[in-house]
Structures are given as structure tokens and as C-alpha cells.
Amino acid sequence: MQSKFTGFAGATRFTLLAGAATFALAMPGVAFAQDAQDEPAADAPEASNVIIVTASKREQTLQETPIAVSVTSGETIERAQIRDVLDLQTVVPSLRVSQLQTSSATTFIIRGFGNGDNNFGIEPSVGVFIDGVFRSRSASALSDLNMISRVEVLNGPQSTLFGKNASAGVISIVTKEPQYEFGGQVEAVYGNFNQMFLRGEVTGPISENIAWSLDGSYQKRDGFGRIVNLNNAEINDRNRWSVRGQLLIEPTTDIKVRLIADYTKIDEVCCQTSNLVVGPSTSGAIVAAGGVFPTDFYSYDNFLNVIPVNKNKNYGFSGQVDWNLGNLTVTSITAYRELRNAFSQDVDFTSADLTVESRDQGVDTFTQELRLTSDFDGPINFLLGGYYFDESIRQDSSLTVGRDFREFAAFSAASGSFYNSTPGTPGFNPARSSLLAGSLIPGLTAAQQIAAGENALRQAEAGLGLPLGSIFGGNFLTNERFGLDNTSWSIFGTVDFEPVDGLVFTGGFNYTDDKKNFEVQQRALDPLASINLVDAFIRIASGGTVTNRAQFQALPALNQQALLANATNPAINPFLGLRALQFQTPSPDVPNSVEPGRTSDNKFTYLFRVAYEVSPEVNVYGSYATGFKASSVNLSRDSRPLLTDYTAGPLGSTFAAPASPITNGGLAVPNLTTGTRFAGPENAEVYEVGVKAQWQGFGFNLAVFDQKIKGFQSLAFTGLGFALQNAGSQSVRGFEFDATIQPDPSLVFTFAATYLDPKFDSFPGSVLGDLSGARVGGIPAWNLRTSATHTLEIGGDGTRLITRVDYSHESNVNINNGLPTFNRGRGNTQIFDREVNLVNASTTLALNGGLEVGLFARNLLDYRYILTNFDGVAQGGTVSGYPSAPRTWGGLVRYRF
């Protein structure tokens, strides 16, 4: 088991425009040359690099493709029991995938670059494409890997061909086409945690030029964890199913139409959390309010006041047309998708009924790609295309006020500066000022402290003119409504020039135009949040003659200074001790007269590459490419105006706020803070050289790169929202190496390694302070993947015993650069770390008649580690986190026909 830390340590628009901007693998050729690849050899799926890929939107062998790309065959996915994209990282070293707060909150990272997907306004840095269709949010890319031909992972910026959502890389999932010969397979799995996995696929002809296929999967599994106080209800379970139907229509030998419709549904309880550090507010205020919390990180015990809800529906339709005009091929891919995602979760992660966060999200996406590809015998070939993207996002969210919140607040108020040791008398007590809010005061029982705090809250309510019991006495702390409409178009192309056999010069370009319009409506519903305590004191101290900013600004300067001096002095202003209880404060709606609620980006990106075939076995290449990701919008309750738009007065006072656009426009609200509404675009560049070699029984690929992203969009979790901002510059240098060795036809070894040296070149304004020059947290220096597959022929009748063992390793690394509360308060020390060592194994007996039986284990050695961690919500000094999954194992029966 790994140590926990170092030291203490809409309306769809059918518009044919241009641009593979956000598009990956819109493959004309997959259909034409895939028959041989749809059924890879079961005995040696990894033995050869002679596999057709479409990473450059052209059919090429893996060896010929001058891009750093990792390919995982459908056979490997079956043998390794890889169910979905979460498992894919165990065989692809440059890829990291994590699922955190909800079943649909999945993050994809390639070469250390990626973004959290718990905020639907964030543009992805890693584009996910399924059969050429861009899945704009990872919540729409979580279907099981069923009926898969291969998965291609393209490392580094791919914006030339794939546009604004590929600044870090691309994941392209290619499913099998329908076949004209009847066949298919069914599979059933049963394992520990009562896991049941059923999947099947069937294909066949309708006529001599129409074929069909249907595939589906069903996953159900008990939860890894239990909610102890809710009758041991399960958490981190699996309950999802998917179905996909396809038609392949070839009216002539030159025209092919592929139609795909799919539907996926998830209804799960997620996610398992626990505490790494229990702070005084947790051990004090939470316990005082009757709450219980976990203390053993790997016990998988949870204490929550509600069972989490995670519901996701994802469905869509796509149509691809390939028209062969001799030396030219026209490809059109049209798609429409809808995503409905909802979750509800106890975000204080204790049994105390404090607050529950809920979100209801909807995403409607229409995409259209049109592409012309040449295949001339001469020295010049080209690809020219266009892409159109139209998406609408709607989100409603809220935070509740639970029945224990008032007692929690009272306990904290008593231990903070508002409490006076004389019962019933509000005022500042210097002896209490150094106590961390939420701590138990020496000499008092928890009940006495709650009573004292309750009395203080009532005194405050009376003094502020609020109804008694109104502070944390309502049903909701906040509710929000967000909207985002995004339209984008691009044109792109590449030209290959081959002056002599084997030497190819490539130039490529992409021009993208991206526009977003967004709406933000935020309501702070607790009455205390909408009162500035400095302004409230001034109102009372002036006898009610100063009730707004204009009246305060009209006072003589000396009077203003005197009032402010008293109002900001906690020894005089008894209300200031309540500032810590103003969890969520109001913000003006967007758009408004100052903030238009829109972004507009355009960018020209390009590629230069030279590739040379040294011999039939060895190819080398070198390239320089730029990448682009459009502006992202912060669709969270931390969306705030820019510092250039608003300047608050002392302690958030609006009375004393200096002139600013928001103040001058009459838009200022009490306790308004600044931040960002959106982050500007990212601009990436990469220098890369590589070698690809293949001999009989041995092959390897090597890529060395230097990659940088300027304006990297940093998304930091702040407890109840997200801080979104642009980092100045983030870079990574490293190399990727993979090799396949086949000493015998029955034995295949694979080895892959990625080395990364990432750093913040410039990031002075992070939530942790100046990170310029620091190594980027969460990115291990070494990622290793290795496997051995052995096929034993039995009896000479085609019966085989196929055994596979694979190992994945991530070197020890700080999980992040620190937490905004826990680590920043400790000078960014005591940062938690992690190391990953996973062993997976499977063995399958494949009988001659198509029947297969097998056993498998994932995380065979039951290795445990921290996925990530975060500051406890409203619990100073507490650190929570997500533990990794335990060992799973089972047996399977598969029948091919």
C-alpha cells in the first residue's frame, strides 16, 4: 500500500462548412480497408505493427504513420478485460484517465495535459471521437468498449486535422463495420462484488449491398464501498447498459454509406470518498452536529446523509458517406447527439445533514464534416476539409441547507470571533480570536457551545434585522442556472510532397472560428450571505442615515474614514465574526451592461513534417506543429467578474467600493468578489522527432518531444465551485517508446515507457501563489506498461489456451501542487503523493467450435493508492480524497459464431 503523503509529507443546422477542427478520425478509409482488421488474429494480436490506422485521416500502416500514436486492438481489449476508457490507461502509457466526483466526471490527460470534466463549460484538451464523431464532453464518451476494431491514441497537439479540441491529443475509438457474412459473439462474465457483464454483437447481410449489425452490453456490480449509517447502502457500484445499431449500404462499388444509432444509460451510486486528514472543524463542529465521518482511507466506509444519485443518458445518430471518384474520395460525416446528465451528492461527506449539491445538465450537439482526399500516383497528394460545430448546454444546480447546518454554524460561530464568554452578549473576545472556527472551546461541552453559538446567531439576526432562525434556516443555500451556446467552423488541409521514393514533406493548416454566448444566473438564498457586515455596521452606527453607497460617498472624507475604521475593527464590529459563515455570496447575472457574456476566438494553426523511409523496415520523421483550444466558460458558482471590472471596498464593502465599471453600472451586490467568467484560449506547440521500425519478430517506435501550451486553462476545485484561469505557460519534455518482441509464434512481449518532465514556465497567479518554475503536480516522471501473451496449442484441432499478464507502473509523484486551504496554509508543504503498480492477468481456453471459457483478475495484487484529494468542504484542515478500486476477478464464457 502506498504512503499517503510525503513527509507529513438546437435546432440542428445542417450546414456543410469546413473544418476537422474539433474532429478526429472522420475516416473515409476505415470502411474501405478494414475488413482484414475487423477480425484480428486471436493468437497474436500484438505481434505485428502491420495494422491500418487513420491517425492522419488517411489509411496507413502504423509504421508508416509519422505521428506518435498508440493502437490497442479489439482483441487486446477482450483479452485484458478492458471494459471502458477508464481501463484503457493500463495499456497506453501516455494516457491517464480518472473518474472522480460522479460517474460521468472523467478526465483524459495525454502527456500531462488535460482538463477536469466536472465543469461542462470547459473545452476538452483531449478530443474523444467514436467512429469519427466528436464527443464534446467525457460524460458522452463513457459507453462500454463493445464491438471494437481498435482504439488509437494520438499524442500531442493534433489541431491541424482535429481542430480546437485536440490541443493535447486525441482518443479515436473505431468500431467494427457490419459484415456481409452472418456472425457474431456473445459473452457473459461473473465475478466478485457480484459483477455481471453481458455483451453481444451480431452482424449479417440484408441484401447483396446492405449489411447490418447490432451490439449491446450490460454491466451491473455491487459497490466497492458502503454507507455505514444508511444501512450499509452500497456506493461505487456499476449499473449501465448500451445498445448500438448500424447499417452499411453500398449502392455501387464507389459509394458507401454507414449509419449508426446508439443509446447508453447509467444509473449508479458514486463515488467512494474518505478522509486523509481530519481537521478540527470536522472533529469539532461535525461531531457536535451529530455527524460521523470516515477515518480509515482504504476501509471503503462512508458516512453520508443521502445516497448519491448519478443518472446519465447519452444517445445520437451519425451518417458517414464515402464516395470514390477514382483518384479522389469525398467523405461526409453528419452527427447529432444529446446528453442528459444529473447527479445529487452529499458534498460534506459526513453523516451530518449539512448540504447536498445537485446538478441537472443537458447538452445538444450537431456536427458536420466534409472532406476531399486525393490518392494520386504522382508526387503530390492532398486532403482538404471543412467542419461545423453547433452545441447548446443548459445546467441547473443548487446547494441545500440541511437540518444540521444551523447547529454546525452555531458551533463555529461560538468558537469564532463573534462569541463572547459572557453568555448572551455579542462582542469580540481576544482570547477566542486565535481559535480556529469549528474547534471545541476548552471548558464547554458540545451542547453548551452550540447553545452559546445559537444565542450569538439570534443576537446577530436581531442586530441585522433578520427574522429569528433565518440564518441557515431555509431550504437552499444557492441555486444557479447556466447556459452556453457554442458555434464553430473551420477549414483544414494537408499537402504531401514526395520528390523521391520514401521522402515525404507535409504541410498542413487549420483555421478555426469559435463563438460562445453564455448566461449566468446565481442566487445566494441564505440571508446572511446577502448582507455585507461592514456596511451593516455603518448603517447601524449612522442611525440609519447611511443606507447605500451614494449616501456614504457623500459624507465628508473624515467621517468616511472614521466609520470604516470602526466597521472593519473586529473589536468594535461584533458582526465580523460571522464572515466565515458567508459561504456563498451573490453575483450579478450575466449578460449585463458590463459583461456581455460572450467570447470570440479565431486561430490559424499549422504543421510542418518530413518523413523518410530509411529502409522497408525503418521510418523516421520530424515535425513541428501548433495547436489551439478555444476559450472555456466557468459554469460553476465560482463564476465571478474580472478584477478589471470590479473593485470591492474593505472586507467586501459596497459602500466604500471605489469606482469601477460594475459599481458605476449599478450592478454591485453585497460581498461581491472577483475571479473569472471564462479563460482565454490555449495555444500549443510541439517539436517532435521519431523512429518507427519493424522486423520479423521485433518492432519498436520512439518519439522524442518538446511540447508547450501557453495560456493553459487551469481548473482548480475550491470546495463548492471551481477557479478557472489561464496559466502563463506550461511545458513538458520527454519521450515515448514502445516495443513488441515475438521470439516464438506462440509468445508475444510488449513494453512501453513514457518519460515526462513537466513544469510551469509561468504561473504567477495560481490559487496556490506563484508556481512559476515548479514541476506540475500529478504527472509522474515515468509511466511503464508491459505485457506477455502466450498461446498454447492443445491437441492439434485448433484448441488454444491463451494467457496474458500485464503490468502498469506510475512513478511516485505529488498528486497536485497543493490544496488551496490545507497546503497553502502550510507553505505548500505536506503534499500528498502516489505511486501506482497494477498487475492484471487473464487466461482463456478457446475451443475449436467457437466456445471460450476464461478467468481474469484486474489489480491482481490488490494495490491501493490515492486517485486525488481535495480540501474538505466547509471543514478547515480536513483533506478528503478518492481511493483506488480494489482487486476484481471473475470468470467468463464467450461464444463466437
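Residues numbered from 1 in each chain as written. Predicted model: local features only at pLDDT ≥ 70, side-chain atom pairs only at ≥ 80, totals over all residues. Heavy atoms only, no water.

Colleague: Now, about the packing of aromatic side chains: what can you tell me, with residues and values included?
Modeller: Taken as a whole, this structure holds 37 aromatic pairs when the rule is applied. Residues Tyr863 and Tyr865 carry aromatic rings whose centres are separated by 6.1 Å and whose planes lie at 35° to one another, so their mutual orientation is tilted. Look at Tyr865 and you get buried, because its relative accessible area is 12%. Every member of this aromatic cluster is reached through a ring pair, and the members are Phe509, Phe604, Tyr606, Phe608, Tyr624 and Tyr687. A cation over an aromatic ring shows up here: Arg221 above the ring of Phe224, its NZ or CZ 3.9 Å from the ring centre. Directly above the ring of Phe822 sits Arg826, whose terminal nitrogen or CZ lies 3.8 Å from the centroid. (Phe/Tyr/Trp six-rings, centres within 6.5 Å; stacked < 30°, edge-to-face > 60°. Buried < 20%, exposed > 50% of the residue type's maximum accessible area, 1.4 Å probe, protein only. Lys NZ or Arg CZ within 6 Å of the ring centre and 35° of its normal.)

Colleague: Describe the side chain of Arg96, listing the residues and the values that go with them.
Modeller: Mapped onto the elements, Arg96 comes out in strand 4 (residues 95–99). No salt bridge is formed by the buried Arg96; the nearest opposite charge belongs to Glu810, separated by 4.7 Å. One polar contact links the side chain of Arg96 to the main-chain carbonyl oxygen of Gly778, over a distance of 3.2 Å. (Helix = DSSP H or I, 4+ residues; strand = E, 2+ residues; numbered from the N terminus. Lys, Arg positive; Asp, Glu negative; His and termini not counted. Salt bridge = Lys/Arg side-chain N within 4 Å of Asp/Glu carboxyl O. Polar contact = N/O pair within 3.5 Å; in protein donor to acceptor, adjacent residues only side chain to side chain.)

Colleague: Which residues make up the confidence of the model for the protein chain, and what are the values?
Modeller: Taken residue by residue, the protein chain gives an average pLDDT of 88. The fraction at 70 or more is 91%. Low pLDDT (under 50) marks residues 1–49, which in the prediction has 191 contacts with non-local residues, meaning those over four places away or in another chain. (pLDDT = per-residue confidence, 0-100. Contact = heavy atoms within 4.5 Å.)

Colleague: Any details on the packing of helix 10 (residues 533–541) against helix 12 (residues 557–567)? Residues and values, ideally.
Modeller: How two helices sit against one another is set out by the angle between their axes and by the gap between those axes. Between helix 10 and helix 12, the shortest axis-to-axis distance is 9 Å and the interhelical angle comes to 120°. One finds that helix 10 runs oblique with respect to helix 12. The element helix 10 and its partner helix 12 pack so that their crossing is right-handed. Contacts between helix 10 and helix 12 involve Val534, Phe537, Ile538 and Ala541 from the first element and Leu563, Leu564, Asn566 and Ala567 from the second. Of the residues belonging to the contact of helix 10 with helix 12, the class tally is 7 nonpolar, 1 polar and no charged. (Axes fitted to C-alpha atoms, helices over the stretch in contact; angles between N-to-C directions. Parallel < 35°, antiparallel > 145°, perpendicular 65-115°, else oblique. Left-handed = near helix turned anticlockwise from the far one by under 90°. Nonpolar A, V, L, I, M, F, W, Y, C, P; charged D, E, K, R; others polar.)

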